[in-house]
Amino acid sequence: MKTMTGLEHSASSVQVGIPAAILKPKKVRRRLDMTLWEKLYVAEIVRGLVVTSKHFFINMIGFIFPPAGKKRKVFTVYYPEEKLTLPPAYRGRPVLVADAAGEAKCVACGLCEKMCPAHAISIVAAEKAPGERYPERYTLDLGRCVYCGYCEEVCPKEAIVMSDEYQGLAQRDRSRLVFEKEQLLRPEGKVKARLTYVRRIYSKWNY
Ligand code: SF4
Ligand code: SF4
């Protein structure tokens, strides 16, 4: 059987009515055609520096002499002196919810540990009384966590939630990102906004 060459393919394409302009596109100007001046990018670098410097000085002047009684024109947040109030949809560091007695609401069912795609959670379960489990040890490796929120979603006791905490998560030593139960416990009032939010979204999704 005779095979078709590329040219023959083109010819048969013409026969089925593909416009000639598509088969023979206009000459495209390649980047290699740039002049030496264009290749040096001097003008672009200077333009970029002007924009960066302009923003730097406007921000600095606005910080040193904030306009009294007026809303600032510059929208940069002067972190860490200023901090944004984050919306409840924000997924920061997962934390354990404490009950009124300050104990973890977690019943050590192990669902979050199983569900976690990053294997960031490890739990050692124990029993307070027959059939009453609690996490003797609950370890969360935030160096592995991908902040997906699956642990929060799967927990039947609302015992783990994504908080609005983001500080202290940049460390040189990864071992400092491993948190134990005692470091993860937060009173329910502190994560109330997030709990209200997740109840609303999960009920909307008909979980
Ligand atoms: S947020 Fe995701 S990755 Fe992080 S501990 Fe929970 S399930 Fe694991
Ligand atoms: S899913 Fe909830 S109750 Fe179960 S082990 Fe995890 S935090 Fe505890």
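Residues numbered from 1 in each chain as written. Chains lettered and ligands numbered in written order. Predicted model: local features only at pLDDT ≥ 70, side-chain atom pairs only at ≥ 80, totals over all residues. Heavy atoms only, no water.

Chemist: How would you summarise the pattern of salt bridges if you had to cite specific residues and measurements?
Modeler: Note that side chains of opposite charge can pair when their charged atoms are close. In total, this model carries eight salt bridges according to the counting rule given. For Glu165, the salt bridge goes to Lys190, with nearest N and O atoms at 3.6 Å. You can see Glu165 sitting in the loop between strand E4 (160-162) and strand E5 (178-179) and its partner Lys190 sitting in the loop between strand E6 (185-187) and helix H8 (192-204), a full 25 residues away along the chain. Residue classification places Glu165 among the buried residues on the basis of a relative accessible area of 15%. The network of salt bridges with common partners includes Arg93, Glu165, Arg186 and Lys190. (Salt bridge = Lys/Arg side-chain N within 4 Å of Asp/Glu carboxyl O. Helix = DSSP H or I, 4+ residues; strand = E, 2+ residues; numbered from the N terminus. Buried < 20%, exposed > 50% of the residue type's maximum accessible area, 1.4 Å probe, protein only.)

Chemist: An account of the pairing of strand E2 (residues 121-129) is needed here, citing residue identities and associated values.
Modeler: A regular strand places its side chains so that they alternate between the two faces of the sheet. In the sheet, E2 pairs with strand E3 (residues 132-141) via eight bridges, with the strands oriented antiparallel. If you follow Val124 over to E3, its bridge partner there is Arg137. (Pairing = 2+ DSSP bridges.)

Chemist: Tell me about H8, and please be specific about residues and values.
Modeler: Side chains three or four residues apart in an α-helix point the same way, a direct result of the helix having 3.6 residues per turn. Between its terminal C-alpha atoms H8 stretches 18 Å, which fits the 18 Å expected from 13 residues at 1.5 Å a residue. For H8, the elements touching its buried residues are helix H6 (150-154) and E4. (Expected span 1.5 Å × (residues − 1). Contact = heavy atoms within 4.5 Å.)

Chemist: Any chance you could break down the side chain of Arg93 for me, citing the residues and the numbers?
Modeler: With respect to the helices, strands and loops of the structure, Arg93 is situated in the loop between helix H4 (42-64) and strand E1 (94-98). Taking the relative accessible area as the measure of exposure, Arg93 reaches 9% and is therefore buried. Polar contacts involving the side chain of Arg93 include one to the side chain of Glu165, which spans 2.9 Å. Here Gln167 takes part through its backbone oxygen, which lies 2.8 Å from a polar atom of the side chain of Arg93. Excluding residues that lie within four positions of it along the chain, Arg93 makes contacts with Leu142, Tyr147, Val161, Met162, Ser163, Glu165, Gln167, Leu169, Phe179 and Arg186. (Polar contact = N/O pair within 3.5 Å; in protein donor to acceptor, adjacent residues only side chain to side chain.)

Chemist: An account of the site of ligand 1 is needed here, citing residue identities and associated values.
Modeler: The environment of ligand 1 is formed by 13 residues, the closest being Cys116, Cys145, Cys148, Gly149 and Cys151. Taken atom by atom, the bulk of ligand 1 overlaps the second largest cavity. For the shell around ligand 1, a count of residues per class yields 12 nonpolar, one polar and no charged. (Near = heavy atom within 4 Å. 1 Å grid on protein atoms, 1.4 Å probe; cavity = no way out; pocket = protein on both sides within 12 Å on 5 of 7 lines; lining within 4 Å. Sits in = over half its atoms within 2 Å of the grid points. Nonpolar A, V, L, I, M, F, W, Y, C, P; charged D, E, K, R; others polar.)

Chemist: Let's hear about the UniProt feature "binding site: [4Fe-4S] cluster 1" (unreviewed entry) in the protein chain: which residues, and what values?
Modeler: When the UniProt feature table is mapped onto this chain, "binding site: [4Fe-4S] cluster 1" (unreviewed entry) is found at Cys106, Cys109, Cys112 and Cys155. A maximum C-alpha distance of 10.3 Å is found for the annotated residues, which run over 50 residues; spatially they form one tight group. Set against the largest cavity, the annotated residues that line it come down to Cys106, Cys109, Cys112 and Cys155. As for its placement among the helices and strands, Cys109 is situated in the loop between E1 and helix H5 (111-115). Secondary-structure assignment places Cys155 in the loop between H6 and E4. Exposure remark for Cys155: the relative accessible area of 17% places this residue in the buried category. (UniProt positions renumbered as here; feature names shortened; annotations may be inferred.)

Chemist: An account of the site of ligand 2 is needed here, citing residue identities and associated values.
Modeler: Looking at ligand 2, the residues that line it are Cys106, Val107, Ala108, Cys109, Gly110, Leu111, Cys112, Ile123, Cys155, Pro156 and Ile160. The residue inventory of the shell around ligand 2, partitioned by class, reads 10 nonpolar, one polar and no charged.

Chemist: Please set out unusual backbone geometry residue by residue, giving values where relevant.
Modeler: Despite not being glycine, Ala108 has its phi angle at roughly 55°, a positive value. Here Ala108 shows up in the loop between E1 and H5. Judged by relative accessible area, Ala108 falls into the buried class, the value being 1%. In this structure, His119 is a non-glycine residue whose phi angle is positive, near 50°.

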